[in-house]
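Secondary and tertiary structure notes
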Amino acid sequence: MDHTIQGSLRLPGDKSIAHRALMIGAIAQGDTTIDHLPDGGDVETTIDVLVALGVTSERSGQHITVHGLGGFHWQTPANALAMNNSGTTTRLMLGLLACPPAPLLLTGDASLSQRPMARITDPLRLMEAQMATTEGHLPIRIHPVRTLHGADIQLTVASAQVKSGILFAGLQATGDTTVTGPVHTRDHTERLLQKAGADISRTGLTVHIKPLQAPLQPLQIDLASDFSTAAFWIVLATLLSDSQLQLPGLSLNPTRTTLLDILVRMNGDFQVVDFPQAAAAEPMGTLQVNSAKLTSTTVDAAESARAIDELPLLALAATQAAGRTVIHHIDELAVKESDRRAATESILRSCGATIDRQGDSWVVPGPVALHAPDQWPDLPADHRMAMLQIAAALVAGAPVPTTVPPVVAVSYPELTYDLTKLVTSR
Ligand code: S3P
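The protein chain is annotated in an unreviewed UniProt entry as 3-phosphoshikimate 1-carboxyvinyltransferase of Schleiferilactobacillus harbinensis. Per UniProt, the protein chain carries the Subcellular location (unreviewed entry) text "Cytoplasm".

In structure tokens, the structure reads:
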């Protein structure tokens, strides 16, 4: 069966920006409004955690008003703070809660409890936070401290979550904080904090933040659509012949669109047909995607770090590109919601593709005609892996699924509906 994609799709709001806008709204003075709030489970976790800390809000569909506390005036929660499956909630909240009024306990689900947390608690300890992990993982206990101290933090991991957690702690410290990473990762925290009136700036790979002198101002945000969710459609519309897809209101923050830079190099066919210079802190516009015959490329470590959530879909694209695609620095994929490095290999191999792991890199020769297996391998419950499997099956010509694994709802509860709306079979 041959599929094509035709039409236009306004995707759910950006999950990364939503977490940050909710958290900044929680400490701002006054009411923050967020439109186009995504429904996914991770964002629910952030809202629930803030409620447990005494932050009130009103929600109506995709609109939320957050009544800011006007500072770090947390109420002590009755129970442990449940981070569920959300790594972003955890690492950002650890920074926001680094100087709590009473001891706090943070817990996570089985998958989140396997993910590394020392990468955020170690630098926060350099700022004098007191945090006890469970051998570098959740559960984590945070103890009150009199003050946090500004520090110059050098990150060895390219992580926007860790950078953001440190910036949130820096707002509450005495003295300035700098955080320097190996790569300029997604900069939503910096943009939103600046919009809310924080004294924050960037020089090369170093972000500088000064302690707050006055409470942050509330934000009014209309969230752009999530680029990482769009990646599913961008790769599919590129690979399925005769496709023409428009994605209006899409987040086009350059620290998020590295997948497009890579696909353009591979002969992908994209146009930004309308790019309003909105007063918004975040750039957004309409992306037009047409099908294309891809050629291979080499993806360097900095690109991999910026496109980390899109690498599995990029590997799928590479199986259809003429030549040998090399994707460097894939190790970080092994510590995401699941071991995405292994799961990607397993999905693509079960469709007949070749994907070789060489050290910290993937080598993917193409093009290879994919076929959907009768029996898929056992896969972890991970939204991005479920979506990779659906994309690979469609490229392989399998029928459009009428149900998808429930875990997809972590980021994209509308997927089944959108599949029936946009994919036509011939
Ligand atoms: C995110 C940063 C990335 C990404 C995650 C969301 C964020 O994680 O994989 O899905 O919102 O800051 P790392 O910071 O661990 O790279």
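1. A short note on the overall build of the protein chain
The helix and strand inventory of the protein chain stands at 13 helices and 23 strands. Compactness check: the protein chain gives a C-alpha radius of gyration of 21 Å against a globular reference of 22 Å for 426 residues, within 12% of the reference. Overall, the protein chain is about 65 × 40 × 40 Å in size when its C-alpha atoms are taken along their principal axes. The 426 residues of the protein chain split such that 58% are buried.

2. Quick notes on the sheet that holds strand β19 (residues 298-299)
The strands making up a sheet associate through hydrogen bonds between their backbones, and the pairing can be parallel or antiparallel. Judged by pairing direction, the sheet is mixed, and its four strands sit side by side in the order β19-β20-β22-β21 without closing on themselves. A single partner strand is all that each edge strand has here, and the edge strands are β19 and β21 (356-358). Judged from the three bridges that link them, β21 and strand β22 (residues 361-366) form a sheet pairing that is antiparallel. Residue pairing in the sheet places Gln358 in a bridge with Ser361 of β22.

3. Some remarks on helix α12 (residues 383-395)
Its 13 residues give α12 an end-to-end C-alpha distance of 19 Å, which sits within 8% of 18 Å, the value for a rise of 1.5 Å per residue. Counting buried residues along α12, 13 of its 13 residues qualify, which places the element largely inside the surrounding structure. Between a side-chain oxygen at the N-terminus of α12 and the backbone nitrogen of Arg384 the separation is 3.0 Å; the capping residue is Asp382. Gly397 lies just past α12 and shows a positive phi near 90 degrees.

4. Considerations on the site of the ligand
In the neighbourhood of the ligand, the contacting residues comprise Ser16, Arg20, Thr88, Arg91, Ala158, Ser159, Ala160, Gln161, Arg186, Ile308, Asp309 and Lys336. Here Ser159 contributes a side-chain N or O atom positioned 2.7 Å from an oxygen atom of the ligand. Within the complex, the protein chains bury 94% of what would otherwise be the 380 Å² of accessible surface of the ligand. Among the secondary structure elements, those contributing two or more residues to the shell around the ligand are α1 (15-27), α3 (87-96) and α5 (160-170). Of the residues contributing to the shell around the ligand, the split by class is three nonpolar, four polar and five charged.

5. Topic: unusual backbone geometry
Across the junction of Leu138 and Pro139, the peptide omega takes the value -10 degrees, indicating a cis bond. Structurally, the position occupied by Pro139 is in strand β8 (residues 137-143). For the bond from Gly366 to Pro367, the omega torsion is 0 degrees, close enough to zero to count as cis. Phi at Asn84 is positive, roughly 50 degrees, even though this residue is not glycine. The topology assignment puts Asn84 in the loop between β5 (81-82) and α3. Positive phi, normally seen in glycine, also occurs at Asn267, with a value near 80 degrees. Tracing the sequence through the fold places Asn267 in the loop between α8 (258-265) and β17 (269-274). Taking the relative accessible area as the measure of exposure, Asn267 reaches 43% and is therefore partly exposed.

6. Section: the sheet that holds strand β13 (residues 200-203)
Within the open sheet, the four strands sit side by side as β10-β12-β14-β13. Their pairing is mixed. What marks the edges here is a single partner per strand, and that holds for β10 (152-154) and β13. Within the sheet, the average angular offset between the axes of one strand and its neighbour, ignoring direction, is 15 degrees. Summarising the sheet, β10 and strand β12 (residues 177-180) pair through three bridges and their orientation is parallel. Its bridge partner being in β12, Ile153 is matched across the sheet by Val179. Relative to the sheet, α5 contacts β10, β12, β13 and β14 (206-209), its axis offset from that of β12 by approximately 175 degrees.

7. With respect to the nonpolar core
Ranked by size, the top nonpolar core spans 70 residues in total, and within it Phe232, Trp233, Ile234, Leu247, Leu263 and Leu316 carry the most contacts. Of all the elements, helix α7 (residues 227-239) adds the most residues to this core, at 10 residues. When sequence neighbours within four positions are dropped, the list of residues in contact with Trp233 reads Ile5, Leu9, Leu11, Leu245, Tyr412, Leu415, Asp418, Leu419, Leu422 and Val423. Core analysis: the next-biggest nonpolar cluster, separate from the first, contains 65 residues, Ala18, Val49, Met127 and Val207 among them.

8. Section: the packing of α7 against helix α10 (residues 311-319)
The geometry of α7 relative to α10 is characterised by a closest axis approach of 10 Å and an angle of 5 degrees between their N-to-C directions. One finds that α7 runs roughly parallel with respect to α10. Note on element contacts: α10 touches α7 through Leu313, Leu316 and Ala317, opposite Ala231, Phe232, Val235 and Leu239. Considering only residue class, the contact of α7 with α10 consists of seven nonpolar, no polar and no charged.

Reading guide: rules and limits
Residues numbered from 1 in each chain as written. Predicted model: local features only at pLDDT ≥ 70, side-chain atom pairs only at ≥ 80, totals over all residues. Heavy atoms only, no water. UniProt positions renumbered as here; feature names shortened; annotations may be inferred. Helix = DSSP H or I, 4+ residues; strand = E, 2+ residues; numbered from the N terminus. Rg over C-alpha atoms; globule rule 2.2 N^0.38 Å. Buried < 20%, exposed > 50% of the residue type's maximum accessible area, 1.4 Å probe, protein only. Pairing = 2+ DSSP bridges. Expected span 1.5 Å × (residues − 1). Polar contact = N/O pair within 3.5 Å; in protein donor to acceptor, adjacent residues only side chain to side chain. Near = heavy atom within 4 Å. Areas by Shrake-Rupley, 256 points an atom, 1.4 Å probe, with all protein chains shown as cover. Nonpolar A, V, L, I, M, F, W, Y, C, P; charged D, E, K, R; others polar. Axes fitted to C-alpha atoms, helices over the stretch in contact; angles between N-to-C directions. Contact = heavy atoms within 4.5 Å. Core = buried A, V, L, I, M, F, W, Y, C linked by side-chain atoms within 4.5 Å. Parallel < 35°, antiparallel > 145°, perpendicular 65-115°, else oblique.

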